[in-house]
Amino acid sequence: MTIEKPQLLIVDDSPSNIQVLAQMLSDDYCIKVATDGARCLELAVADPSPDLILLDVDMPGMSGYEVCQQLKAQDKTSAIPVIFITGMVRTEDEVYGFELGAIDYITKPFHPVIVEARIKTHITIKRQSDELKRMAMRDQLTNLYNRHYLMDAASKKMARAKRHSFPLSMIVIDIDLFKNINDKYGHMVGDAVLRDIASLLDGSCRKEDFVARFGGEEFVFILDHCDLADCLNKAEVIRCAVETLNPQGIAVTVSLGVTVLQPDDTDFDCFFNRADAAVYAAKADGRNCVSSSSMDYNPPLLPV
């Protein structure tokens, strides 16, 4: 497995300083450069985001200190490590840099070996931290998001949907008679079936959606800017795809419950419980079908 090079953003108003650092580090890192604070902030939120930022302090317009303050104030960039590389050598300047959230402070003129060593150390720490965060939000068996991530992320999406008045939908997916699969083929095969279906669901996500394993054989889709009619059709597409999948050579079907966010949904449980109840209705209707909450208008499904 090829490990991608870490992303390094070098910010300095001096092209010669950028050139020296880029030549020194380009063998081990993917280098992006910015010559002012505004461009740094743009690149910091662009994909792929930097694993580390080397930031000059004394720049025209916006100083490195101001840039660092803005980086640390934004959710998307607050965790990016910042190393100041500067000619400002006073102790109080260094202390101030650390107070702003920098992880290191290197003064000019710098020794290349020291710079490389410090960057390598902080990149290693950053990647270890990222992996721990990934493990904390992922289901170990399927690598989908887990229940903890689902409840937190869905609550945030609910708040945004209400604030900006756009529709938000949920699909709860339950594998039909999954206990029979475990009993007949064994839990190892059952686990493989779960992974195959999880892979199909993950591949069905738009960029703005996400899917999580809620527990056991139950999965949850959260769909941004998706009304009930579109959500029902999405659920039917998923149902058909699973029916034709035959994971591990086994005929498998799912029952799906659909709902849309309501104005009086005060928390995740309100939202989820309607979709979960719709799953039970789908199972009562004979399984391998889609049902919506009784609180939602149920338009006809389009052909798929």
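Higher on the page you've got the structure.
Residues numbered from 1 in each chain as written. Predicted model: local features only at pLDDT ≥ 70, side-chain atom pairs only at ≥ 80, totals over all residues. Heavy atoms only, no water.

Q: In this structure, what is going on with the packing of helix H7 (residues 178–185) against helix H8 (residues 187–203)? I would like to understand it.
A: Packed helices, taken two at a time, are described by their axes: the angle between them and the distance between them. Between H7 and H8, the shortest axis-to-axis distance is 7 Å and the interhelical angle comes to 135°. Considering the angle they form, H7 stands oblique to H8. For the pair H7 and H8, the contacting residues are Phe 178, Ile 181, Asn 182 and Tyr 185 in the first and His 187, Val 189, Gly 190, Val 193 and Leu 194 in the second. Taken together, the residues of the contact of H7 with H8 break down into six nonpolar, three polar and no charged. (Axes fitted to C-alpha atoms, helices over the stretch in contact; angles between N-to-C directions. Helix = DSSP H or I, 4+ residues; strand = E, 2+ residues; numbered from the N terminus. Parallel < 35°, antiparallel > 145°, perpendicular 65-115°, else oblique. Contact = heavy atoms within 4.5 Å. Nonpolar A, V, L, I, M, F, W, Y, C, P; charged D, E, K, R; others polar.)

Q: How should the sheet that holds strand E1 (residues 7–11) be read in this particular structure?
A: The strands that make up a sheet are held in pairs by hydrogen bonds between backbone atoms, and each pair lies either parallel or antiparallel. Ordered by their spatial adjacency, five strands build an open sheet running E2-E1-E3-E4-E5, and the pairing between neighbours is parallel. Of all strands in the sheet, those bounded by a partner on one side alone are strand E2 (30–34) and strand E5 (104–107). Averaged over all pairs of adjacent strands, the angle between strand axes in this sheet comes to 20°, irrespective of strand direction. Where strand E3 (residues 52–55) lies against strand E4 (residues 82–86), three bridges are found, and the strand directions are parallel. For Leu 54, the partnering residue across the bridge sits in E4 and is Ile 83. Relative to the sheet, helix H3 (residues 64–73) contacts E3, E4 and E5, its axis offset from that of E4 by approximately 175°. (Pairing = 2+ DSSP bridges.)

Q: Is there a simple way to think about the packing of aromatic side chains in this case?
A: What characterises a pair of aromatic rings is the spacing of the ring centres plus the angle enclosed by the ring planes. Considering all chains together, one arrives at eight aromatic pairs under this definition. Taking the centre distance of 5.9 Å and the plane angle of 85° together, the rings of Tyr 145 and Phe 210 count as edge-to-face. Taken as a pair, Tyr 145 in the loop between helix H5 (112–137) and helix H6 (147–164) and Phe 210 in strand E7 (residues 210–215) lie far apart in primary sequence, 65 residues in all. Accessibility classification places Tyr 145 together with Phe 210 in one group, the buried group. Ring centres of Tyr 149 and Phe 210 lie 5.5 Å apart, and the angle between their planes is 80°; this geometry places the pair in the edge-to-face category. Placement of the pair is Tyr 149 in helix H6 and Phe 210 in strand E7, with a sequence separation of 61 residues. Taken together, Tyr 65, Phe 84, Tyr 96 and Tyr 105 form an aromatic cluster joined through their ring pairs. (Phe/Tyr/Trp six-rings, centres within 6.5 Å; stacked < 30°, edge-to-face > 60°. Buried < 20%, exposed > 50% of the residue type's maximum accessible area, 1.4 Å probe, protein only.)

Q: In this structure, what is going on with the environment of Val 20? I would like to understand it.
A: Mapped onto the elements, Val 20 comes out in helix H1 (residues 15–25). For Val 20, a relative accessible area of 44% gives the class partly exposed.

Q: Could you clarify how one ought to interpret helix H10 (residues 268–284) in this entry?
A: In an α-helix, one turn spans 3.6 residues; hence positions three or four apart end up facing the same way. Between its terminal C-alpha atoms H10 stretches 25 Å, which fits the 24 Å expected from 17 residues at 1.5 Å a residue. Every buried residue of H10 is accounted for by Phe 268, Phe 271, Phe 272, Arg 274, Ala 275, Asp 276, Ala 278, Val 279 and Ala 282. Close packing links the buried residues of H10 with H6, strand E6 (168–175), E7, strand E8 (218–224), strand E9 (254–260) and strand E10 (290–292). Looking at where H10 begins, the residue whose side-chain oxygen comes 3.2 Å from the main-chain nitrogen of Asp 269 is Asp 267. (Expected span 1.5 Å × (residues − 1). Polar contact = N/O pair within 3.5 Å; in protein donor to acceptor, adjacent residues only side chain to side chain.)

Q: Can you help me understand the side chain of Lys 126 in this one?
A: Topologically, Lys 126 is positioned in helix H5. Lys 126 sits in the buried class, given a relative accessible area of 12%. If sequence neighbours within four positions are ignored, Lys 126 has contacts with Asp 51, Ala 79 and Pro 81.

Q: Just to check I follow, could you spell out the nonpolar core for this structure?
A: A general feature of soluble globular proteins is that nonpolar side chains tend to end up buried together. Core analysis: the largest hydrophobic core is formed by 30 residues, its most contacted members being Ile 171, Ile 173, Leu 201 and Phe 219. Looking at this core, the elements with two or more residues in it are E6, H7, H8, E8, helix H9 (228–245) and E9. Here Ile 171 is in contact with Phe 219, Val 220, Phe 221, Leu 223, Cys 231, Lys 234, Ala 235, Ile 238, Leu 256, Gly 257 and Val 258, once residues within four sequence places are set aside. (Core = buried A, V, L, I, M, F, W, Y, C linked by side-chain atoms within 4.5 Å.)

Q: Which parts of the structure should I look at to understand the environment of Ile 197?
A: Mapped onto the elements of the fold, Ile 197 is located in helix H8. Linking Ile 197 and Val 254, residues 57 residues apart in sequence, is a C-alpha distance of 9.9 Å. Residues within four places of Ile 197 in sequence aside, it is in contact with Ile 175, Phe 219, Val 242, Leu 245, Pro 247 and Val 252.

Q: Would you explain the sheet that holds E10 in this entry?
A: Read from one edge of the open sheet, five strands run E7-E8-E6-E9-E10, paired in mixed fashion. Lying at the two open borders of the sheet, with one neighbouring strand each, are E7 and E10. This sheet shows a mean twist of 20° between the axes of neighbouring strands, independent of strand direction. Taken together, the seven bridges between E6 and E8 define a ladder with antiparallel strand orientation. Considered in E8, the bridge of Val 172 is made with Val 220. Relative to E7, H6 is tilted by about 135°, and along the sheet it contacts E6, E7 and E8. Packing of H9 onto the sheet brings it into contact with E6, E8, E9 and E10, and relative to E9 it is tilted by some 165°.

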